[in-house]
Amino acid sequence: MTEEHHSTEQQLIDNRIEKMARFRERGDEPFKYRFERTCSIADARAAFEAAEAGSENPEQVTVAASVAGRMVALRGQGKVTFADLRDESGRIQVFFRSNELGDDAYERLKDLDIGDFLGMEGEVFRTRRGEVTVRAVTYTLLAKSLRPLPEKWHGLTDVETRYRQRYLDMVANPEVLETFRRRSRIIATLRHWLTARGFLEVETPMLHQIPGGATARPFVTHHNTFDRDFYLRIAPELHLKRLLVGGFEKVFEINRSFRNEGVDTLHNPEFTMMELYEAYQDYMGLMDETEEMLSHVAREVTGGTSFEYQGQTIDMARPWKRVSLFEAIREYAGIDLEPHQNDRNAAAELAEGIGCVIEDAMGYGKIVDEVMSDKVKPHLLQPTFLHDYPLEISPLAKKKRGAPNLTERFQLFVAGMEMGNAFSELNDPIDQRERFMDQVRQRERGDDEAQYLDEDYITALEVGMPPAAGLGVGIDRLTMLLTNQASIREVILFPQLRTVEARGAVTLPGGPEAAGGAETS
RNA sequence: GGACGGGUAGCUCAGGUGGUAGAGCAUCGGACUUUUAAUCCGGUGGCCGUGGGUUCGAGUCCCACCCCGUUCACCA
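Residues numbered from 1 in each chain as written. Chains lettered and ligands numbered in written order. Predicted model: local features only at pLDDT ≥ 70, side-chain atom pairs only at ≥ 80, totals over all residues. Heavy atoms only, no water.

S.K.: Is there a simple way to think about the packing of helix α13 (residues 429-444) against helix α14 (residues 455-463) in this case?
M.R.: Helix-helix packing: each pair is described by the crossing angle between the helix axes and the interaxial distance. Packing of α13 against α14 brings their axes to within 9 Å, and their N-to-C directions diverge by 160 degrees. By the angle between their directions, the pair α13 and α14 is classed as roughly antiparallel. Considering how the two elements wind past one another, α13 and α14 form a crossing that is right-handed. On α14, the residues touching P429, Q432, R433 and F436 of α13 are E455, Y457, I458, L461 and E462. Tallied by class, residues from the contact of α13 with α14 come to five nonpolar, one polar and three charged. (Axes fitted to C-alpha atoms, helices over the stretch in contact; angles between N-to-C directions. Helix = DSSP H or I, 4+ residues; strand = E, 2+ residues; numbered from the N terminus. Parallel < 35°, antiparallel > 145°, perpendicular 65-115°, else oblique. Left-handed = near helix turned anticlockwise from the far one by under 90°. Contact = heavy atoms within 4.5 Å. Nonpolar A, V, L, I, M, F, W, Y, C, P; charged D, E, K, R; others polar.)

The structure is reproduced here in structure tokens:
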């Protein structure tokens with residue numbers, strides 16, 4: 001052995017590079033520029049089957065077709081070779097025969113590998129074994145694949161590789177494509193439903209000077225020429241409501257928010273939210289609309305309102321259960337926190353009595369929230385609205401009519417997951433300032449998730465915002481529900497994982513050392 | 001951050017009590033003109049996650065660390 005040590009993987013790659021080089025030596029560029037297909041693979045199959053069905057001699061039917069796709073299997077058998085070709089529409093068997101292609105072209109099949117993209121002109125026919133197949137009249141290599149694909153039978157199961165190299169996951173596990181098609185359809189359906197009802201789709205900043213609209217820790221980033229820090233938004237809420245001040249009456253945004261919190265099966269640092277705001281509406285009216293909208297989406301993407309989620313049957317048919325937060329706590333936790341709104345310690349004692357972990361820093365609102373999360377949420381399998389939340393954990397919601405310690409707020413739960421959050425929007429600037437000040441006091445007491453005072457937002461409310469209701473829906477979780485996935489990472493194309501040292505890693509431009517070096521405009 | 005499970009060939013996985021690292025698929029060579037997890041014959045291929053330690057000897061035992069998954073805590 002005179003050569004230096006090569007890994008198995010490198011040997012497999014070297015083989016393919018040599019094959020690629022042979023194409024070049026023959027003057028056949030292994031990475032083509034264009035190929036004229038006459039049809040997709042699914043259409044080729046459909047056209048053939050239609051012709052066959054309409055023929056008196058079905059055995060003799062052939063249909064001409066040019067198709068292209070990735071070769072995903074190869075079965076050589078001497079002077080004939082079978083392969084499987086796949087495009088986005090489906091898979092079809094292709095057939096190469098020595099005496100039809102000629103010896104030279106047939107020999108060159110040896111320089112093809114699984115994973116290569118091929119284009120071919122051929123005749124669709126049915127083999128003796130009954131499989132619809134394209135017989136190649138000519139074929140051409142469209143793009144060479146230089147790395148081996150995962151094994152054909154077991155595919156790719158290693159979750160880490162599936163997430164880090166999603167393209168391999170997609171090639172090896174076609175059902176992954178289906179999950180993300182459905183995600184796209186969920187979003188398209190929502191968008192269509194909203195725009196059809198007069199909602200205007202808008203885009204508001206993701207770089208915020210003051211992170212607001214939610215209780216969460218933000219990511220910090222830095223603008224060089226302004227020489228100041230920005231925060232990646234934790235919610236679009238405050239900007240969307242400024243648009244109601246400005247004169248839009250129905251707006252929505254579907255895009256990413258970022259929260260610098262833990263990662264688990266329900267949380268990714270960047271996630272997609274749909275938020276909508278509707279002037280002259282309140283939270284009860286919005287509950288009706290939420291029901292209508294989401295049951296419509298479920299029907300559009302699953303074919304019905306009833307479907308399986310992780311072994312449970314979920315039924316999204318209207319109407320959905322509506323129960324006040326305190327009633328739900330009485331029902332599922334067996335304690336009544338409602339009478340203790342001015343006695344935080346009594347509430348804490350009751351909560352601890354049923355096994356909840358209550359910290360000293362937690363106020364009444366957080367205790368209620370804790371009990372709900374711990375004892376109520378897991379029971380809410382069928383779509384359920386909990387409504388009327390404590391004031392102190394709802395700083396952007398209007399006080400409930402006739403119950404000023406509560407807010408007109410609801411959350412939607414399905415399959416034990418929080419899916420949505422909504423309220424009658426607080427539009428009294430004096431009240432809003434007080435609520436913000438209360439948050440600021442909580443922050444000063446060490447709660448780093450408490451909200452910041454946003455003076456400009458108060459100014460906007462002072463200009464005047466119409467009564468309105470707003471809703472946020474977690475699109476990733478909605479997608480989990482409607483694709484029967486247990487982890488949020490299965491519905492995010494490129495979920496965030498810890499970085500590992502990449503092979504051939506390069507230093508990124510624009511880093512601290514490179515600052516000022518690269519002029520880009 | 002804690003607990004539990006995992007990391008062995010390109011992929012999927014085996015490797016009782018420590019003793020030269022295995023299979024299937026893929027790959028390479030050969031046979032084969034209707035196969036489809038094609039078949040048959042032969043071959044190549046390994047920093048056993050990383051770094052220490054114990055030992056004559058470590059994939060295996062000990063310690064630390066890295067990464068992934070589940071879960072608890074926190075959160076949406």
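S.K.: What should I look at first to understand the layout of surface pockets in this one?
M.R.: Rolled over the atoms, a probe with the dimensions of a water molecule shows which regions are left empty. Taken as a whole, the second largest pocket encloses approximately 420 Å³ of empty space. V72, A73, P150, E151 and K152 are, among the 18 residues lining the second largest pocket, the residues nearest its centre. For the lining of the second largest pocket, the secondary structure elements donating two or more residues are β1 (63-77), β2 (80-87) and α6 (166-172). If one sorts the elements of the lining of the second largest pocket by residue count, β1 sits on top with four residues. Its residues placed into classes, the lining of the second largest pocket shows 11 nonpolar, no polar and seven charged. (1 Å grid on protein atoms, 1.4 Å probe; cavity = no way out; pocket = protein on both sides within 12 Å on 5 of 7 lines; lining within 4 Å. Points joined across faces, edges and corners; volume = space filled by probe spheres on them.)

S.K.: I'm lost on the packing of aromatic side chains in this one. Help?
M.R.: The geometry of an aromatic ring pair is captured by two quantities: the separation of the ring centres and the angle between the planes. Scanning the model with the defined rule gives eight aromatic pairs in all. Taking the centre distance of 5.3 Å and the plane angle of 80 degrees together, the rings of F96 and Y139 count as edge-to-face. With F96 in strand β3 (residues 90-97) and Y139 in strand β5 (residues 132-143), this residue pair connects regions lying 43 residues apart in the sequence. Across the pair, exposure class does not vary: F96 and Y139 are buried alike. An angle of 80 degrees between the planes, with centres 6.3 Å apart, marks the rings of F436 and Y457 as edge-to-face. With a gap of 21 residues between them, F436 in helix α13 and Y457 in helix α14 connect regions that are remote in the sequence. Summarising the burial analysis for this pair, F436 and Y457 share the class buried. The side chain of R26 reaches across the aromatic face of F23, ending 4.9 Å from its centre. Lying across the ring of W193, R197 places its NZ or CZ 3.9 Å from the centre. (Phe/Tyr/Trp six-rings, centres within 6.5 Å; stacked < 30°, edge-to-face > 60°. Buried < 20%, exposed > 50% of the residue type's maximum accessible area, 1.4 Å probe, protein only. Lys NZ or Arg CZ within 6 Å of the ring centre and 35° of its normal.)

S.K.: Before we go on, may I ask you to explain helix α9 (residues 283-302) in this structure?
M.R.: At 3.6 residues per turn, the α-helix brings residues three or four places apart onto the same side. For α9, with 20 residues, the first-to-last C-alpha span of 28 Å sits near the 28 Å given by 1.5 Å per residue. For α9, the capping residue at the N-terminal end is D282, with a side-chain oxygen 3.2 Å from the backbone nitrogen of M284. Of the residues trailing α9, G303 is marked for its positive phi of about 90 degrees. (Expected span 1.5 Å × (residues − 1). Polar contact = N/O pair within 3.5 Å; in protein donor to acceptor, adjacent residues only side chain to side chain.)

S.K.: Would you mind going over empty space enclosed by the protein with me for this structure?
M.R.: Enumeration over the complete set of coordinates arrives at one cavity of 30 Å³ or more. Empty space within the largest cavity amounts to approximately 40 Å³.

S.K.: What's the story with the side chain of H208 in this structure? I'm lost.
M.R.: For H208, the position within the fold is in strand β7 (residues 207-208). For H208, a relative accessible area of 4% gives the class buried. At 2.9 Å, the side chain of H208 forms a polar contact with the backbone oxygen of P205. In this structure the side chain of H208 is engaged in a polar contact, spanning 3.5 Å, whose partner is the side chain of H239. In this view, H208 contacts F230, Y231, R233, A235 and H239; residues no more than four positions away in its chain are not counted.

S.K.: Looking at this structure, how should I read the sheet that holds strand β9 (residues 228-232)?
M.R.: Hydrogen bonding along the main chain pairs the strands of a sheet, whether they run parallel or antiparallel. Sheet architecture is open: three strands sit in the order β7-β9-β8, paired in antiparallel fashion. Unpaired on one side and paired on the other, β7 and β8 (220-223) mark the two borders of the sheet. The pairing of β8 with β9 spans four bridges and is antiparallel. Across the sheet, the residue bridging to H222 is D229, located in β9. (Pairing = 2+ DSSP bridges.)

S.K.: Any chance you could explain the pattern of salt bridges here in plain terms?
M.R.: Close approach of charged atoms lets side chains of opposite charge pair. On inspection of all chains with the given rule, the structure shows 48 salt bridges. As a salt-bridge pair, R135 and E100 come within 3.6 Å of each other at their nearest N and O atoms. On the criterion of sequence distance, the pair formed by R135 in strand β5 and E100 in helix α3 (residues 98-101) is long-range, its members being 35 residues apart. The closest approach of N and O atoms between E201 and R191, which form a salt bridge, is 2.8 Å. With E201 in strand β6 (residues 200-201) and R191 in helix α7 (residues 174-196), the pair connects residues that are 10 residues apart, well separated along the chain. For E201, a relative accessible area of 33% translates into the label partly exposed. Under the relative-accessibility criterion, R191 is labelled partly exposed at 30%. What emerges from the salt-bridge pattern is a single network uniting K19, D113, D116 and K144. (Salt bridge = Lys/Arg side-chain N within 4 Å of Asp/Glu carboxyl O.)

S.K.: What is the right way to read the nonpolar core from this model?
M.R.: One recurring pattern in soluble globular proteins is that nonpolar side chains are buried together. Counting residues in hydrophobic clusters, the biggest one holds 42 residues, and the most contacted among them are M274, L276, M293, M316, L471, L481 and L482. Of all the elements, α9 adds the most residues to this core, at eight residues. With 28 residues, the next largest nonpolar core counts F48, F96, A105 and L109 among its residues. (Core = buried A, V, L, I, M, F, W, Y, C linked by side-chain atoms within 4.5 Å.)

S.K.: Where do I start with the protein's contact with RNA strand B in this structure?
M.R.: The immediate surroundings of RNA strand B are formed by 55 residues, with T8, R129, E160, H267 and E418 found nearest. Looking at RNA strand B alone, sugar and phosphate atoms form 63% of those within 4 Å of the protein. With respect to RNA strand B, the backbone of T157 contributes an N or O atom lying 3.1 Å from a phosphate oxygen. Contributions of two or more residues to the surface near RNA strand B are made by α1 (8-25), β1, β2, β3 and α5 (159-164). Of all the elements, α1 adds the most residues to the surface near RNA strand B, at six residues. Residue composition of the surface near RNA strand B, grouped by class: 15 nonpolar, 19 polar and 21 charged. (Near = heavy atom within 4 Å.)

By themselves, these are just geometric observations and shouldn't be taken as functional.
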